[in-house]
Amino acid sequence: DTGVSQDPRHKITKRGQNVTFRCDPISEHNRLYWYRQTLGQGPEFLTYFQNEAQLEKSRLLSDRFSAERPKGSFSTLEIQRTEQGDSAMYLCASSLRLADSYNEQFFGPGTRLTVL
Amino acid sequence: DAKTTQPTSMDCAEGRAANLPCNHSTISGNEYVYWYRQIHSQGPQYIIHGLKNNETNEMASLIITEDRKSSTLILPHATLRDTAVYYCIVRVGGKFQFGAGTQVVVTP
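(A) Molecular detail of the interface of chain A and chain B. Across the contact, 21 residues belong to chain A and 18 residues belong to chain B. Both faces considered, chain A and chain B share a buried interface measuring about 1600 Å² in area, 54% of it formed by carbon and sulfur atoms. At the surface where chain A touches chain B, the tally comes to zero salt bridges. Where the side of chain A that touches chain B is concerned, the elements lending two or more residues are strand S4 (31-37), strand S5 (44-50) and strand S9 (88-95) of chain A. Of all the elements, S4 of chain A adds the most residues to the side of chain A that touches chain B, at four residues. For the side of chain A that touches chain B, the residue count by class is ten nonpolar, seven polar and four charged.

(B) Focus on the packing of aromatic side chains. Summed over all chains, the structure comprises 15 aromatic pairs over all chains. Both rings, one in Phe 107 of chain A and one in Tyr 36 of chain B, keep their centres 5.7 Å apart while their planes meet at 80°; by these two values the pair is edge-to-face. Here Phe 107 of chain A is found in strand S10 (residues 106-107), whereas its partner Tyr 36 of chain B is found in strand S3 (residues 33-38) on a different chain. Judged on exposure class, the residue Phe 107 of chain A and its partner Tyr 36 of chain B are both buried.

(C) Spatial organisation of the sheet that holds strand S2 (residues 18-23) of chain B. All names here are of chain B. Spatially, the four strands line up as an open sheet ordered S2-S7-S6-S5, and their pairing is antiparallel. Edge positions in the sheet fall to S2 and strand S5 (55-56), since each has one partner strand and no second. Note that strand S6 (residues 61-64) and strand S7 (residues 70-75) share four bridges and pair antiparallel. Residue pairing across strands places Ser 61 opposite Ile 74, the latter belonging to S7.

(D) Representation of the pattern of salt bridges. Under the defined criterion, the tally for this structure stands at five salt bridges over all chains. As a salt-bridge pair, Arg 64 of chain A and Asp 86 of chain A come within 2.8 Å of each other at their nearest N and O atoms. Placement of Arg 64 of chain A in the loop between strand S6 (53-57) and strand S7 (65-68) and of Asp 86 of chain A in the loop between strand S8 (75-79) and S9 is noted, with a sequence separation of 22 residues between them. Across the pair Glu 31 of chain B and Lys 3 of chain B runs a salt bridge, and its minimum N-O distance is 2.9 Å.

Parameters and conventions
Numbers given for residues are sequential positions, taken from 1 along each chain in its written order. Lettering for chains starts from A, numbering for ligands starts from 1, and both go in the order in which the items are written. For a predicted model such as this one, the threshold for reporting local features is a pLDDT of at least 70, and the threshold for listing and counting side-chain atom pairs is 80 or more; totals across whole chains, interfaces and linings nevertheless cover every residue. Heavy atoms throughout the structure, all of them, feed into the side-chain values; hydrogens and water do not. The contact criterion used throughout is that any non-hydrogen atoms of two residues lie within 4.5 Å. A simple way to read buried area is as the amount of 1.4 Å-probe accessible surface that goes missing from two parts once joined, with both sides added. Each salt bridge in this description consists of a side-chain nitrogen of Lys or Arg and a carboxyl oxygen of Asp or Glu lying within 4 Å of one another. Only DSSP runs of H or I with at least four residues qualify as helices, and only runs of E with at least two residues qualify as strands; both kinds are numbered from the N terminus onward. Gly is placed with the polar residues, together with every amino acid not listed as nonpolar (Ala, Val, Leu, Ile, Met, Phe, Trp, Tyr, Cys and Pro) or charged (Asp, Glu, Lys and Arg). Classification of ring pairs rests on two measures: the distance between centres of Phe, Tyr or Trp rings, Trp counted by its six-membered ring, which must be within 6.5 Å, and the angle between planes, read as stacked under 30 degrees, edge-to-face over 60 and tilted in between. Think of it in three bands: with a 1.4 Å probe and only protein chains considered, a residue is buried below 20% of the maximum accessible area for its type, exposed above 50%, and partly exposed in between. Two strands qualify as a pair provided that DSSP identifies no fewer than 2 bridges between them.

Written out as structure tokens, the structure reads:
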């Protein structure tokens, strides 16, 4: 399977615990994106990387959230001191960014987080 | 805020064409329009994209108005498996800005 993969697919945690999600993009893709989606809403942008550089972060990304892409391949999204409002689907996407080209993003299946 | 507006929902009979409208009146000259769909509990799936010209692929057709302020996604022969939320997206900077999308229900 050469698509975007995410792990775990489901995570249940208690309020106040830390959680970490992993995303493996399509191998030759240089851009990687994180989105959050709550019930009935479209995905909301959180942050994205080009190679290992984090180029943009949404104001939705509070200081409890941190994302890394240390070697420009896989990425992790960590949420510290989880709150019930963090319950959502966390989606990862990747794309191959070429100069002056369109930018089709390929999405993974998501990690569903439930904070009790 | 999303740069696109879409109807909240629409129904379509199986075998008929589904025409999904989208307004993107503030689109810039070099911004592409993308369409994705999301079937329940899965990640969004790419359908088609366009800049100025109409586009067609094995899944759908995309009609973009001459002034580029709106577009229509056409599913030529809707099947039950096409039931999903359909998103019309204009990229803002390096990222997609999703709206709430159109819930399409295909009925037998």
